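An overview of the molecular structure
Residues per chain, in single letters:
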Amino acid sequence: MEFTVTDAPGQERFEARDEAGAVAGVVTYQLTGNIIVYTHTEVDPKFEGRGVGSTLARAVMDDARAKGRTVVPICPFLGEWLGKHPEYEDIVARSTRKVR
């Protein structure tokens, strides 16, 4: 199944939709200048296990890179995904301290 990811800036979120146009998942964000903070990833239970989260993660990171933005991944899912995708490390803001 293919999912199309689009930015919905009025709602401050990226949406993944299936071929029928149903929203399969979203990544919410806050944009301040050149810094984009990804706050939450949510996948509709009907679409879990189909790669929606990973499709969204790659799309939002590629979008940030294309627009020259610095990413702050607050969302735990995205943080974990980024741990497995070091190719995005150059655009991720990292603190020297771990937040507990």
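A brief report on the enclosed structure follows. (Residues numbered from 1 in each chain as written. Predicted model: local features only at pLDDT ≥ 70, side-chain atom pairs only at ≥ 80, totals over all residues. Heavy atoms only, no water.)

So, the pattern of salt bridges
The condition is simple: Salt bridge, as used here: a side-chain nitrogen of Lys or Arg that lies within 4 Å of a carboxyl oxygen of Asp or Glu. For each residue, the accessible area found with a 1.4 Å probe, counting protein chains only, is set against the maximum for its type, and the residue is called buried under 20%, exposed over 50%, and partly exposed in between.
The tally for this structure, following the rule as stated, stands at eight salt bridges. Taking the shortest distance from any N to any O, the salt bridge between Lys67 and Asp63 comes out at 3.1 Å. In this structure Asp63 comes out as buried when scored by relative accessible area, which is 16%. Through salt bridges with shared partners, a single ionic network connects Arg13, Glu15 and Arg17.

Some words on unusual backbone geometry
Quick note on the threshold: Only DSSP runs of H or I reaching four residues or more are called helices, and only runs of E reaching two or more are called strands; each is numbered from the N terminus.
For Glu12, which is not a glycine, the phi torsion comes out positive at approximately 50 degrees. Relative to the helices and strands, Glu12 resides in the loop between β1 (4–8) and β2 (13–17). Owing to a relative accessible area of 38%, Glu12 belongs among the partly exposed residues under this scheme.

Digging into the pairing of β1
The condition is simple: Two strands qualify as a pair provided that DSSP identifies no fewer than 2 bridges between them.
Relative to β2, β1 runs antiparallel, the two sharing five bridges. By the bridge assignment for β2, Thr6 is matched with Glu15. Counted along the chain from β1 to the antiparallel partner β2, the turn is four residues long, and its residue Glu12 has a positive phi close to 50 degrees.

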